[in-house]
Amino acid sequence: MDITIELLEKVFSRNGLIVAFAAVGLITWFSYFLSNKLTHGRIHGSAIAITLGLVAAYIGGKATGGSTGVADIGLLAGVGFMGGGMMRDFAIVSTAFGVHIGELKKAGIVGIVSIFAGVIVSFIVGAVVAVMFGYTDAISITTIGAGAVTYIVGPVTGTAIGASSDVIALSVAAGLVKSILVMIGTPMVAKYIGLNNPQSAMVFGGLMGTTSGVAGGLAATDPRLVPYGAMTATFYTGVGCLMGPSILFLIVNAIY
Amino acid sequence: MIIYGVALLSVCMVIGLFTGEILGVLIGVQANVGGVGIAMLLLVLACSHPMFKSLTEGASGAGIKFWSAMYIPIVVAMAARQNVVAAVDGGMLALLAGTIAVLVSFALVPVISKIGPQSDPLPPIDESAKGED
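Cut-offs and rules
- Residues numbered from 1 in each chain as written.
- Chains lettered and ligands numbered in written order.
- Predicted model: local features only at pLDDT ≥ 70, side-chain atom pairs only at ≥ 80, totals over all residues.
- Heavy atoms only, no water.
- Helix = DSSP H or I, 4+ residues; strand = E, 2+ residues; numbered from the N terminus.
- Buried < 20%, exposed > 50% of the residue type's maximum accessible area, 1.4 Å probe, protein only.
- Areas by Shrake-Rupley, 256 points an atom, 1.4 Å probe, with all protein chains shown as cover.
- Lys, Arg positive; Asp, Glu negative; His and termini not counted.
- Charge placed at Lys NZ, Arg CZ, Asp CG, Glu CD.
- Core = buried A, V, L, I, M, F, W, Y, C linked by side-chain atoms within 4.5 Å.
- Contact = heavy atoms within 4.5 Å.
- Buried area = accessible area lost by both parts, 1.4 Å probe.
- Salt bridge = Lys/Arg side-chain N within 4 Å of Asp/Glu carboxyl O.
- Polar contact = N/O pair within 3.5 Å; in protein donor to acceptor, adjacent residues only side chain to side chain.
- 1 Å grid on protein atoms, 1.4 Å probe; cavity = no way out; pocket = protein on both sides within 12 Å on 5 of 7 lines; lining within 4 Å.
- Points joined across faces, edges and corners; volume = space filled by probe spheres on them.
- Domains from an automatic or database assignment.
- Axes fitted to C-alpha atoms, helices over the stretch in contact; angles between N-to-C directions.
- Parallel < 35°, antiparallel > 145°, perpendicular 65-115°, else oblique.
- Left-handed = near helix turned anticlockwise from the far one by under 90°.
- Nonpolar A, V, L, I, M, F, W, Y, C, P; charged D, E, K, R; others polar.
- pLDDT = per-residue confidence, 0-100.
- Phe/Tyr/Trp six-rings, centres within 6.5 Å; stacked < 30°, edge-to-face > 60°.

*Asks:* Please clarify how the overall build of chain A should be interpreted in this entry.
*Replies:* When helices and strands are counted, chain A shows 13 helices and zero strands. Scanning chain A from its N terminus toward the C terminus, one meets helices and strands in the order α-α-α-α-α-α-α-α-α-α-α-α-α. Looking at the 256 residues of chain A, the share that counts as buried comes to 56%. Accessible surface computed for chain A: about 10,300 Å², of which carbon and sulfur atoms make up 71%. Of the charged side chains in chain A, 11 are positive and 9 negative; the average position of the first set lies 15 Å away from that of the second.

Printed below as a string of structure tokens:
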């Protein structure tokens, strides 16, 4: 019996990516089953699959104390590779196959406007919340504001302007909340915000900016919108990293 | 050959990410600026150019379509490796900052979408064909 488990562990850990394919396939099948049986297709199977993924990530994180969810469980380490930045970006780029260049041109300017609007609005929200919670120094307020932009902009800004590590951790947490909420919330609000065409998807990507959130949220809404949203979202973190430690910090510094 | 399509996709991604890194250094930020977006643009341009026709049609195109169809499973795996515990442990401040930022951004989508030329809603999805296109 012991030898069986040992051999099983060996096969699982040596073939991580393949195990991940099987595991994700199983979750997806179960999610579409739930979607059809329990909600009669009202909630998309992919939305349920993404939510189950997040729940599993929480359980994995609690069980192991690691920072990459399910991937910290040895037998499921391959999920970390399958869902890592390289595979994610590769799959996102592939969705551009079949994109209409006319739609991209049509939304070009609006896309750029949405990126700047998205960074500034999220930053202001984060900064105001930081002030509400009693922060009065420009460095902490800027870092938490930058965290509400994305969980990458937060630590990049915080490190650049010399924030304390607990404030940087808070900014990462704020960015993670944003990313997760975009994944879960997008299919729910899509109808009400007109998210049903390439142009609004580009605006959406620019406003939200979190690549993971946009990737997950649009996948659960309508996969055909993914390339348009991803196209603008991919510039957002760069713009955020540019503005956070510079102009946004200077403005906050002038006020406080 | 399927590998031709996959190779084209890979070359677009590498060139895009490299350009994004260069842009990041040029404007002095520690991030890849638009690398994935540039890679997507390259792929769109390649697909519409006659020179690359043999790399994007038939079996070669199937190599790209496969990865496009793997998108949602990869996103599910991505969700399963998020640091959800850290998000929850961030407490009320992180929760409020993240949530309000998302709500305000959601509300701005229809406002900013009104600027400029409009595009038509996509036709309804045919459930049976999903995952194949």
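*Asks:* Would you mind showing me how to read the nonpolar core here?
*Replies:* Buried together is how nonpolar side chains tend to be arranged in soluble globular proteins. Of all hydrophobic cores here, the largest spans 76 residues; its most connected members are Phe204 of chain A together with Leu43 and Tyr71 of chain B. Broken down by element, the residue count for this core peaks at nine residues, all from helix H5 (residues 71-80) of chain B. Beyond its immediate stretch of four places on either side in the chain, Tyr71 of chain B contacts Ala91, Ile92, Thr95, Ala215, Gly216, Ala219 and Val226 of chain A. Counting 21 residues, the second largest nonpolar core, distinct from the first, contains Ile161 and Leu248 of chain A together with Val29 and Val33 of chain B.

*Asks:* Explanation requested: the interface of chain B and chain A in the structure shown.
*Replies:* It is common to give the size of an interface as the accessible area that goes away when the parts come together. Contacts between the two partners involve 81 residues from chain B and, on the opposite side, 99 residues from chain A. Overall, the association of chain B and chain A removes approximately 7,900 Å² of surface from exposure, summing both partners, and the carbon and sulfur fraction of that is 79%. One can count zero salt bridges joining chain B with chain A. At the surface where chain B touches chain A, the tally comes to eight residue pairs in polar contact (both at pLDDT 80 or more).

*Asks:* When you look at the layout of surface pockets in this model, what are you seeing that I'm missing?
*Replies:* Rolled over the atoms, a probe sized like a water molecule indicates the empty space that remains. All names here are of chain A. Taken as a whole, the second largest pocket holds about 670 Å³ of empty space. His44, Pro187, Ala190, Ala220 and Thr221 are, among the 26 residues lining the second largest pocket, the residues nearest its centre. At the level of secondary structure, the elements contributing two or more residues to the lining of the second largest pocket comprise helix H3 (45-64), helix H10 (165-189) and helix H12 (211-221). If one sorts the elements of the lining of the second largest pocket by residue count, H10 sits on top with four residues. Residue contributions to the lining of the second largest pocket reach at least three from each of two domains, namely domain 1 (2-83) and domain 2 (101-255).

*Asks:* Before we go on, may I ask you to explain the packing of helix H9 (residues 153-161) of chain A against H10 of chain A in this structure?
*Replies:* A packed helix pair is summarised by two numbers, namely the angle formed by the two axes and the spacing between the axes. Residue and element names in this part refer to chain A. Direction vectors running N to C along H9 and H10 enclose 160°, while the axes themselves pass 8 Å from each other. In this view, H9 runs roughly antiparallel relative to H10, as classed from their interaxial angle. The way H9 lies across H10 gives a crossing that is right-handed. Side by side, H9 and H10 meet where Gly154, Pro155, Gly158 and Thr159 of the first sit next to Ile168, Ser171 and Val172 of the second.

*Asks:* Whenever I open this one, the pattern of salt bridges confuses me. Can you help?
*Replies:* Where side chains of opposite charge bring their charged atoms close, a pairing between them can arise. All names here are of chain A. Under the criterion given, the structure shown has two salt bridges over all chains. A salt bridge links Asp89 to Arg88; its shortest N-O distance comes to 3.2 Å. Here Asp89 matches Arg88 in class, with each residue buried.

*Asks:* Please clarify how the domain arrangement of chain A should be interpreted in this entry.
*Replies:* All names here are of chain A. According to the domain assignment, chain A contains domain 1 (2-83) and domain 2 (101-255). Computed over C-alpha atoms only, the centres of domain 1 and domain 2 are separated by 28 Å. Counting residues at the interface gives six residues for domain 1, matched by eight residues for domain 2. Counting the surface domain 1 buries against domain 2, the share from its top three residues, His44, Ile50 and Leu54, is 70%. The interface formed by domain 1 and domain 2 includes zero salt bridges. If you look at where domain 1 meets domain 2, you find zero residue pairs in polar contact (both at pLDDT 80 or more). The class makeup of the residues in the side of domain 1 that touches domain 2 is three nonpolar, three polar and no charged.

*Asks:* Got a minute to help me understand the confidence of the model for chain B in this structure?
*Replies:* Residue and element names in this part refer to chain B. Residue-level pLDDT values for chain B average 82, and 91% of them are 70 or greater. When pLDDT is averaged over each element of chain B, helix H1 (residues 2-26) comes out on top at 91 and helix H6 (residues 84-89) at the bottom at 78. Predicted confidence for residues 127-133 stays below pLDDT 50, and this span has five contacts to residues more than four positions away or in other chains.

*Asks:* Help me understand the packing of aromatic side chains in this model?
*Replies:* Each aromatic ring pair is characterised by the separation of its centres together with the angle its planes make. The final tally for this structure, using the stated rule, is four aromatic pairs over all chains. Here the aromatic rings of Trp29 of chain A and Phe33 of chain A are separated by 5.7 Å at their centres, their planes lie at 20°, and the arrangement is stacked. One end of the pair, Trp29 of chain A, and the other, Phe33 of chain A, are both in helix H2 (residues 16-39), four residues apart, so they sit about a helical turn from each other. Residue Phe33 of chain A is classed as partly exposed on the basis of its relative accessible area of 38%. Aromatic side chains Phe66 of chain B and Trp67 of chain B sit 5.3 Å apart centroid to centroid with 80° between the ring planes, which places their arrangement in the edge-to-face category. A connected cluster of aromatic rings, assembled from ring pairs, spans Phe90 of chain A together with Phe66 and Trp67 of chain B.

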